[in-house]
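# Topology and contacts: notes
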Amino acid sequence: MNRIHHNKEILVTDQNPTSTSGEEVTCRVCHATYVPDFINDFYADGADPKVGRCERCMMSEAFGVNTKSPHALPKDYENSVCKIGKGAATCAFLTMGAGGFQCGKDSTVEKAIRERLAEGTMRSKGDNCSGAPNFTPST
Ligand SMILES: [Zn+2]
């Protein structure tokens, strides 16, 4: 990509000059390649501004928070594997989302579910599959 020569008149009116270079960066953790903006900024590890992590990876490493949304279930899983409505046999990670039932493993809700399982306050106690992406049923 050709760099546009900086023009002082543009820079004066630029509200956010640190994030508008328009150069793509690649997250060293998730390998997402994108142009940083104020929603998904880029956090350099050190002196090289091209080596670092995206906002999501920085947040999840800094705070132990997984920022992924729950995953769509494979077809027919809610009954055969997740065992919906089967009390303690029901998978604890089965969650309800806007599009229906979803798998909460590897998502923002996994940590809270595991904490409630450890406390014994989950009615559903199953750990019925491996979660995304393979959803391998537990035996
Ligand atoms: Zn990342």
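An account of the accompanying structure is given in this report.

Scoring rules and cut-offs
Residues numbered from 1 in each chain as written. Predicted model: local features only at pLDDT ≥ 70, side-chain atom pairs only at ≥ 80, totals over all residues. Helix = DSSP H or I, 4+ residues; strand = E, 2+ residues; numbered from the N terminus. Buried ≥ 20, exposed ≤ 12 C-beta atoms within 10 Å, placed from the backbone. Contact = placed C-beta atoms within 7 Å. Core = buried A, V, L, I, M, F, W, Y, C linked by C-beta atoms within 7 Å. Pairing = 2+ DSSP bridges.

### A look at the overall build of the chain
Across its full length, the chain holds four helices and seven strands. The order of helices and strands in the chain, counted from the N terminus, is α-β-β-β-β-α-β-α-β-β-α. Here the chain holds 139 residues, and the buried ones make up 19% of them. At a minimum sequence separation of 6, the contacts of the chain that also span at least 24 residues come to 48%.

### Quick notes on the nonpolar core
The biggest cluster of nonpolar side chains holds 11 residues, and these are L73, Y77, V81, C82, C91, A92, F93, L94, C103, I113 and C129. With sequence-adjacent residues up to four places away left out, F93 is seen in contact with C103, G104, K105, E110, I113 and G131.

### Here's the deal with the sheet that holds strand β1 (residues 25–27)
Taking strand neighbours across the sheet as the criterion, the four strands line up as β2-β1-β4-β3 in an open arrangement whose pairing is mixed. Taken across any chain shown, the strands that pair with only one partner, and hence form the sheet edges, are β2 (33–34) and β3 (42–44). Sheet analysis places β1 next to strand β4 (residues 51–54), joined by two bridges and oriented parallel. Of the residues in β4, the one forming a bridge with C27 is G52.

### A word on the pairing of strand β6 (residues 94–97)
When β6 meets strand β7 (residues 100–103), the two strands line up antiparallel, connected through four bridges. Counted as the bridge partner of T95 is Q102 from β7. Where β6 folds back on β7, the antiparallel hairpin that results is connected by two residues.

### Observations regarding the environment of S107
Checked against the element boundaries, S107 lands in the loop between β7 and α4 (110–119). Judged by the 21 C-beta atoms lying within 10 Å of it, S107 is buried. Setting aside chain neighbours within four positions, we find S107 in contact with N66, K68, S69, P70 and H71.

### Considerations on the pairing of β7
Pairing geometry for strand β5 (residues 71–72) and β7, over two bridges, is antiparallel. Paired with H71 across the two strands is C103, which belongs to β7.

### Brief notes about unusual backbone geometry
A132 connects to P133 through a cis peptide bond whose omega is 0°. Tracing the sequence through the fold places P133 in the segment after α4. Not every positive phi belongs to a glycine, and D76 is a case in point at roughly 65°. As for its position among the elements, D76 is in the loop between β5 and α3 (77–80). Residues other than glycine seldom take positive phi values, yet D106 does so here, at roughly 55°.

### Some remarks on the environment of C91
Along the chain, C91 turns up in the loop between α3 and β6. Among the residues examined, C91 registers 27 C-beta atoms within 10 Å and is labelled buried. Separated by 32 residues in the primary sequence, C91 and R123 have C-alpha atoms spaced 9.6 Å apart. Contacts of C91, omitting those with residues within four sequence positions, involve C82, K83, S124, G126, D127 and N128.

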